[in-house]
Amino acid sequence: MQKRLLLATGLLALAFGANAQQQPQFSHYGFNGMFLSPAYAGITNRPEFTFLGRYQYAGYTAAFNDKGGSPQTFMLTGSLPVAAIGGGLGLGVYRDEIGATKTLSAQVSYSYHIKMNSGKLGIGVQGIFNNISKGEYRAKDAGDPNVPFNSSDRKFDAGAGLWYQGENLYVGLGVNNLLGAEYQFAAVDAGKNKAKVLAERHAYLTTGYNFDISESFVLTPTAIAKMDFAGAGESLSFEVGARGTFNDRFWGGVGYRHEEAATGLAGIAFGKNNMMRVGYSFDLVVFDPEARTRSSHEIMLSLRLPEPVMRIRPAIRTPRYSF
């Protein structure tokens, strides 16, 4: 059952064929399920906190003395199992800057967990708050009312998702910006016109499987497909990769982002029960390098706490109340 589900999900991921920069993308996607789906909240039965920092197309220099298209992203997520509510809670905040656009987003997630014979299924919902700022743009046509200029707007939105977590297999699906909030910005003509931007819905489908090669070595192939709904199926991309982990402490891996880059990652865990992890990834652009710089860099800091232990005092029985 698990192998069939993995194969079907993998084929679906490989069916996504076009490249597009969507919401923030991370080479460490296999370590950050909380960003991909609200259903991940608490699904591993242990509190987890993850920080990611990404500098994409490092050193890119624009031709017009502005910041151009070199995305820089910082993200912090948390996942907490909460038995009292039948699932888990998740928190997330990220800051993303690409060109003249800055986005600050915060999410609160709840996942309801359903036990299955082979694992656990999470059904998640998410509340989202986005603040989007637009800087200076160069209008092709002077006075174009659709070009934003030095203003910002903020809106609430929502997300939902599913996450299956088995002993070796995981499969996650998440969709955000379900409400399709419309953001309005002051227009470049400085008049009463408002430049409007519709929030695009994004979907993520990810999967991975842990193969126990030996008692100390685990091989994990992973895949992720990403899509936004604005292009009627045109903005689709996928990544595939694999990493090997030794003694749950050292790992290294390689990956491929469709029509963009080859990726490599490495990391180490330390502390009691390897609860702290540090990882680094490097992207080498192999498609259209003349349109962007060749490299991207990413760091990960992670804290995994032990599973909460339920401490319930045993009942004290006395003959006084036995009849």
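The preceding data block contains the structure.
What you see is a predicted model, and the numbers here were worked out from it, not measured in a lab. (Residues numbered from 1 in each chain as written. Predicted model: local features only at pLDDT ≥ 70, side-chain atom pairs only at ≥ 80, totals over all residues. Heavy atoms only, no water.)

On to the pairing of strand β4 (residues 101-116), then. Looking down a regular strand, the side chains alternate between one sheet face and the other. Pairing between strand β3 (residues 87-98) and β4: 12 bridges, direction antiparallel. The residue bridging Gly 87 from the neighbouring strand is Tyr 112, located in β4. Here β3 folds back onto β4 in antiparallel fashion, the turn holding two residues, of which Gly 99 has a positive phi close to 60°. Direction of pairing for β4 relative to strand β5 (residues 119-134): antiparallel, over a ladder of 16 bridges. By the bridge assignment, Tyr 112 is partnered in β5 with Ile 123. Following β4, the chain reverses through two residues before pairing antiparallel with β5. (Pairing = 2+ DSSP bridges. Helix = DSSP H or I, 4+ residues; strand = E, 2+ residues; numbered from the N terminus.)

Of all hydrophobic cores here, the largest spans 14 residues; its most connected members are Phe 35, Leu 36 and Trp 251. Mapped by element, the contributors of at least two residues to this core are α2 (33-36) and β15 (261-270). In contact with Leu 36, other than residues within four places in its own chain, are Tyr 29, Gly 174, Tyr 204, Thr 206 and Ile 224. Formed by seven residues, the second largest nonpolar core is a distinct cluster that contains Ala 39, Ala 41, Ile 43 and Trp 163. (Core = buried A, V, L, I, M, F, W, Y, C linked by side-chain atoms within 4.5 Å. Buried < 20%, exposed > 50% of the residue type's maximum accessible area, 1.4 Å probe, protein only. Contact = heavy atoms within 4.5 Å.)

A few words now on the environment of Gly 208. Relative to the helices and strands, Gly 208 is located in strand β10 (residues 202-209). In this structure, the C-alpha to C-alpha distance between Gly 208 and Thr 220, residues 12 residues apart in sequence, is 6.4 Å.

Right, let's get into the packing of aromatic side chains. Per the stated rule, a full pass over the model turns up eight aromatic pairs. Aromatic pair Phe 26 and Phe 35: ring centres 5.7 Å apart, planes at 90°, arrangement edge-to-face. Assigned by exposure class, Phe 26 and Phe 35 land together as buried. Ring centres 5.2 Å apart and planes at 35° place the aromatic pair Phe 31 and Trp 251 in the tilted group. You can see Phe 31 sitting in the loop between α1 (2-14) and α2 and its partner Trp 251 sitting in strand β14 (residues 250-257), a full 220 residues away along the chain. For the residue pair Phe 31 and Trp 251, the accessibility class agrees, reading buried in each case. Through pairs of rings, three or more aromatic residues link up here, namely Phe 26, Phe 35, Tyr 94 and Tyr 204. The residue whose ring lies beneath Lys 134 is Phe 185, and the NZ or CZ to ring-centre distance is 6.0 Å. The cationic tip of Lys 155 hangs over the ring face of Tyr 183; the distance from NZ or CZ to the ring centre is 5.7 Å. (Phe/Tyr/Trp six-rings, centres within 6.5 Å; stacked < 30°, edge-to-face > 60°. Lys NZ or Arg CZ within 6 Å of the ring centre and 35° of its normal.)

For Asn 177, which is not glycine, the phi dihedral falls at a positive 55°. Inspection of the secondary structure puts Asn 177 in the loop between β7 (169-176) and β8 (182-186). At Glu 259, a residue that is not glycine, the phi angle is positive and equals roughly 55°. The topology assignment puts Glu 259 in the loop between β14 and β15.

What follows deals with the pattern of salt bridges. Within this structure, the stated rule accounts for nine salt bridges. For the salt bridge of Asp 248 with Arg 304, the shortest nitrogen-to-oxygen distance reads 3.9 Å. Of the two residues, Asp 248 is situated in the loop between β13 (236-246) and β14 and Arg 304 in strand β17 (residues 295-304); the sequence distance between them amounts to 56 residues. Exposure remark for Asp 248: the relative accessible area of 45% places this residue in the partly exposed category. For Arg 257, the salt bridge goes to Asp 283, with nearest N and O atoms at 3.0 Å. (Salt bridge = Lys/Arg side-chain N within 4 Å of Asp/Glu carboxyl O.)

Below, the discussion takes up the layout of surface pockets. One number sums up the size of the largest pocket: a volume of about 960 Å³. In this structure, the largest pocket is lined by 38 residues; those nearest its centre are Gln 165, Asn 210, Arg 243, Arg 277 and Arg 304. Elements supplying a minimum of two residues to the lining of the largest pocket: α2, β6 (151-166), β7, β12 (217-228) and β13. Looking at side-chain class alone, the lining of the largest pocket contains 12 nonpolar, 15 polar and 11 charged residues. (1 Å grid on protein atoms, 1.4 Å probe; cavity = no way out; pocket = protein on both sides within 12 Å on 5 of 7 lines; lining within 4 Å. Points joined across faces, edges and corners; volume = space filled by probe spheres on them. Nonpolar A, V, L, I, M, F, W, Y, C, P; charged D, E, K, R; others polar.)

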